[in-house]
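Here's the letter readout for the chains.
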Amino acid sequence: MAPALLWLTALMVVPCGLILALGFFRRGLYGGIDYTFTLENFALIIDPLYAGIFLTSARIAGLATLIAVVIGYAAAYAIAAAPRHRQPLLLFLAVLPFWSNYLIRTYAWIVLLNREGLITQALRMLGYEGEPPSMLYTEGAVITGLVYNYLPFVILACYAPLARLNPELAEASRDLGASAFTTFRRVILPMTLPGIAAGAVFVFVLSVGNFITPALLGGGRFQMMGNLIYAQFLTANDWPFGAAISMVLIAIMMGLLTLQAIAAEKGAGERREGANG
Amino acid sequence: MTQQNPHFRLLLAGVAATGLAAAGPASAELVISNWDGYMAPDAVTAFTSETGEAAEMVVHATNEEIMGKLIASGGAGYDVVFVSSPFAEVLHNLDLLEPIDAGKVPNLVNLFPEAAALPHDPGNTFSVPYAWGTTGLCYRSDLVSPEPTSWNDLLHPAEAQVGKVTLLGTDRWLLAAGLLAHGLSVNETDQAKLDEVEADLIEAKKTMLAFDDTTFYSKLVSGEATLVHAWDGWCNYGIAENPAIKFMIPSEGSDLWVDTMVVMKASGNKDGAFKFINYILDAKNHAWAAENILYKVPNKPAMESLSPDMAATYPNMGMAPADLVALEQLRDVGEASRAYAKAVSAIKAAQ
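The structure displayed is predicted, hence computed values, not measured ones. (Residues numbered from 1 in each chain as written. Chains lettered and ligands numbered in written order. Predicted model: local features only at pLDDT ≥ 70, side-chain atom pairs only at ≥ 80, totals over all residues.)

All right, on to the overall build of chain B then. Secondary structure assignment for chain B yields 15 helices and 10 strands. Whereas a compact globule of 351 residues would reach a radius of gyration of roughly 20 Å, chain B reaches 21 Å, a difference of no more than 12%. Seen along its three principal axes, the alpha-carbon backbone of chain B occupies a region of about 60 × 50 × 35 Å. Within chain B, contacts between residues separated by at least 24 positions form 75% of all contacts whose residues are at least 6 apart in sequence. (Helix = DSSP H or I, 4+ residues; strand = E, 2+ residues; numbered from the N terminus. Rg over C-alpha atoms; globule rule 2.2 N^0.38 Å. Contact = placed C-beta atoms within 7 Å.)

Next up, the structure:
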C-alpha cells in the first residue's frame, strides 16, 4: 500500500496541486508567472466566450458518447452472442486499432474524408461528377473521429457484464411472458448498466478534453476545452489561466468518475443481493 | 515579474538546478536549440570539427515551447537559441540575453545592410537574423481567376473559391490577415480595432475550408484548396510540386517576419556560442537554409551564391531585401498579446 500511495502522491497529487496553485496567480507580462494571488483566472471561466467553448465541448463530447454507446453496446452484444470460442478473436479485432498511434488513426480519417480523398475518388469512379461533398472540417467529422477512437472502450466495458450475464435470466423472463424487447429493457439493460456507465464516462471524459481531433478533423474551426488549454499553455503563454481551466475540467471529470464509481458499487451490491436472495 | 515572490523563485531555481544536475552534460558543451530541420543536419558536427567546440543540438517545436523553458530556468541550460524576433525582444526585455560581441562574430559583415538595421534590434545588439520573409497568398493560378490582389480575396473570396481557402491559425498571422485587410498595423494594440478585425475574421470563417499552419501547400497541390494564407518559404514547397502555384503579396502590404539567433546570458561558454553564430553566418553554411528549406536568408554572399534558377522557379526567393524591409516587421505587442490570444479563441470558437 505504501509504495502505491507514494507513487500516487508523487505523480498525481503533487502535479495536480501545482496546477491548482498556478491557477491562482497572474500571468507575467512576458508569459512567465507573476506570483500575486488572484481569482481572476477562475472568474474568466464564466466569461461568455469561454463558457460557450465549454458548452460546445460538452455538446460534441455528449453526442460522441451517445453514438459510441449505441454502436459499442450493439457490438458488445453481438460479440457476447457469438460462439464462445470465437469471442476472443472478435474482442481482439475490436481493440486492434489501439495498436496504431492515435494521430495516425486520425490522419487516416483525413485521407478518407478530404475533398480529394478516397471517398470522393470512389464516388468519381462510380460516375459522380458534381462538386464533392464537404465532409472534413465539420462537426460531424470531429464526432466521427471521437466515436471511432473511443469505441473500443465502450465495447470492452459493455462486453464484460454482457458475457457474465446468466442466460437463464433472459429465458426466465421470456417464459414469464415478456417480449424480447421487454426482456432487454427490463432484464438485460439494467444488469449491464454499470458497463454502459463505465464506457460512457470513458468516452465523455476523453472527448471533452481532446484537442487533437478538433484540430485535425475540425480544421481548427471548432474550439473545445482541450484546444483552449493547449492554446493557453503553448501559444498564449498564459499558464495561470490554462491551469484554471484544467482544474475545472479535472473537477468535472472527477465528479463524473465518482458518480460512475457509485453507480458501479450500487450495481455490484444489487447483484450480490440478487445472488444471495 | 516585478512582484515575484522570492520563495517561489528559489523553489523554481532549485527545480531547475536539480534538472540540470540530472542531465549533466559536459560543462563546456554548447547546447543549441533550433526548430527541427531548420539547419543542415551535419551543422553541429561540422562546427565541432572546424572549431573543436563540443556542441549538442536540441529541438523545439514552437517559439512558445522554448520560451516557457527559458523563462522558467532563467536561460540556464542553453547557449544559442533560434527564436522569432518578437520573442528575442521579450528575452532581451527580461535581461536574459548576452549582448552580441561583434568582434567575436566577424561574419556579421555578410549580413545585408537592411538586416543590420531591423526595427526590433538596430545594429544587431542582442540578436542575429537567421532567416526572414513575409506572409501572403499562395494560390493555384490555373484555378483562381482573376488572380488575387487583396487580403479581402482571401477573407471574402469569390464564389468559385468559397470553401477552398485556408487561413493560418497562429495568433499573430491570423489577426495580421484581418488587420492588413482593414489597413491597420500588424502590431495594432487598440482593443476596438482588434474587435472590428475579430468580427471580420469570424465572418471569414463561413467561406473558408480550415485553419491550417502546416499542410496548406499540400492542400493546394491536391486541389482541396485553391487559395491559402501562407508563409513565402512554405508556398515554395507547393511550387516545387506544381509550377501553377504562385505566391503574391496583397496590395495592402504584409508583415516582415525574422527568425533570429540569440546567446543566453546564462551560457557558460559565450565565446563558443559566438563561434557558432559566426559559423552559421559563413556564406556557404548560411546558403544551406536557402537551398534546402527555400527560405530567404539575410546573408548577402549566401544569397548571391544561389543559382539563378532558384529565383526563376521560386520568384519570392529573389525578393530584394529593400522590398522585404519595406513591409512592417512583427514586433512584441506586450500586454496586448493576451487580447490577441482571446480574439483568436473567439474566432475559432465562433459557430
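Right, picking up where we left off after that structure.
Quick look at the overall build of chain A now. The secondary structure content of chain A amounts to 12 helices and two strands. Reading the helices (α) and strands (β) of chain A from amino to carboxyl end gives α-β-β-α-α-α-α-α-α-α-α-α-α-α. Principal-axis analysis of the C-alpha atoms places the extent of chain A at approximately 75 × 65 × 35 Å. By the burial criterion, 35% of the 277 residues in chain A qualify as buried. Contacts in chain A between residues far apart in sequence, at least 24 positions, make up 71% of those at least 6 positions apart. (Buried ≥ 20, exposed ≤ 12 C-beta atoms within 10 Å, placed from the backbone.)

Moving on, we come to the interface of chain B and chain A. As a measure of interface size, the accessible area lost when the parts come together is often cited. The interface of chain B with chain A comprises 34 residues on the first partner and 29 residues on the second. Elements that contribute at least two residues to the side of chain B that touches chain A include exactly α3 (63-73), α4 (85-93), β6 (210-211) and α15 (337-349) of chain B. In terms of residue count, the dominant contributor to the side of chain B that touches chain A is α15(B) (six residues). When the residues that make up the side of chain B that touches chain A are grouped by side-chain class, the tally is 12 nonpolar, 13 polar and nine charged. (Nonpolar A, V, L, I, M, F, W, Y, C, P; charged D, E, K, R; others polar.)

Core analysis: the largest hydrophobic core is formed by 171 residues, its most contacted members being A:Val154, B:Cys138, B:Ala177, B:Phe276 and B:Ile277. No other element matches the 14 residues that helix α7 (residues 139-164) of chain A contributes to this core. With residues near it in sequence (within four places) discarded, B:Ala177 still touches B:Trp151, B:Leu154, B:Leu155, B:Leu167 and B:His229. (Core = buried A, V, L, I, M, F, W, Y, C linked by C-beta atoms within 7 Å.)

Here the focus is the packing of helix α3 (residues 48-81) of chain A against α15(B). Running from amino to carboxyl end, α3(A) crosses α15(B) at an angle of 35°, the nearest separation of the two axes being 10 Å. In the crossing of α3(A) with α15(B), the sense of the turn from one axis to the other is left-handed. In this structure, α3(A) contributes A:Leu49, A:Gly52, A:Ile53 and A:Thr56 to the contact, and α15(B) contributes B:Ser345, B:Ala346 and B:Ala349. Residues belonging to the contact of α3(A) with α15(B) are distributed by class as follows: four nonpolar, three polar and no charged. (Axes fitted to C-alpha atoms, helices over the stretch in contact; angles between N-to-C directions. Left-handed = near helix turned anticlockwise from the far one by under 90°.)

The next point concerns the pairing of strand β4 (residues 128-140) of chain B. Residues and elements named next belong to chain B. Across the 13 residues that make up β4, a large majority, 13, are buried. Relative to strand β9 (residues 255-263), β4 runs antiparallel, the two sharing six bridges. Its bridge partner lying in β9, Ala131 is registered against Asp259. Where β4 and strand β8 (residues 245-248) come together, four bridges link them in antiparallel fashion. Bridge assignment links Tyr139 to a residue of β8, and that residue is Lys246. (Pairing = 2+ DSSP bridges.)

Another point: helix α9 (residues 232-241) of chain B. Most of α9(B) is tucked away, with eight of its 10 residues classed as buried. Where α9(B) is buried, its residues contact β4, α8 (216-222), β7 (227-231), β8, α11 (283-293) and α13 (308-313) of chain B.

All names here are of chain B. On average, residues of chain B score 91 in pLDDT, and 92% of them reach the 70 mark or higher. Every residue in residues 1-27 is under pLDDT 50, and counting partners more than four places away or in other chains gives 23 contacts. Reported for the predicted complex are a pTM of 0.86 and an ipTM of 0.84. (pLDDT = per-residue confidence, 0-100.)

Moving on: helix α7 (residues 191-204) of chain B. Residue and element names in this part refer to chain B. Along its 14 residues, α7 runs 20 Å from first to last C-alpha, staying within 8% of the 20 Å computed at 1.5 Å per residue. Within α7 the residues assigned to the buried category are Leu194, Val197, Glu198, Leu201 and Ala204. Looking down the long axis of α7, one finds its buried residues gathered within 115° of arc, a one-sided arrangement. (Expected span 1.5 Å × (residues − 1). Arc of directions from axis to C-beta.)

With that settled, consider the packing of helix α6 (residues 171-181) of chain B against α15(B). Residue and element names in this part refer to chain B. Interhelical geometry of α6 versus α15 gives an angle of 75° and a closest axis separation of 10 Å. Judged on the interaxial angle alone, α15 and α6 are roughly perpendicular. Residue-level contacts link Asp171, Arg172, Leu174 and Leu175 of α6 to Tyr340, Ala341, Ala343, Val344 and Ile347 of α15. Grouping the amino acids of the contact of α6 with α15 by side-chain chemistry returns seven nonpolar, no polar and two charged. (Parallel < 35°, antiparallel > 145°, perpendicular 65-115°, else oblique.)

Residue and element names in this part refer to chain B. Cis geometry is found at the peptide bond from Ser145 to Pro146, where omega equals 0°. On the secondary structure map, Pro146 appears in the loop between β4 and α5 (152-155). The phi angle at Asp95 is positive, at roughly 65°, despite the residue not being glycine. When you line up the elements, Asp95 lands in the loop between α4 and β4. With 9 C-beta atoms packed within 10 Å, Asp95 lands in the exposed category. Even without glycine at this site, Leu294 takes up a positive phi of about 60°.

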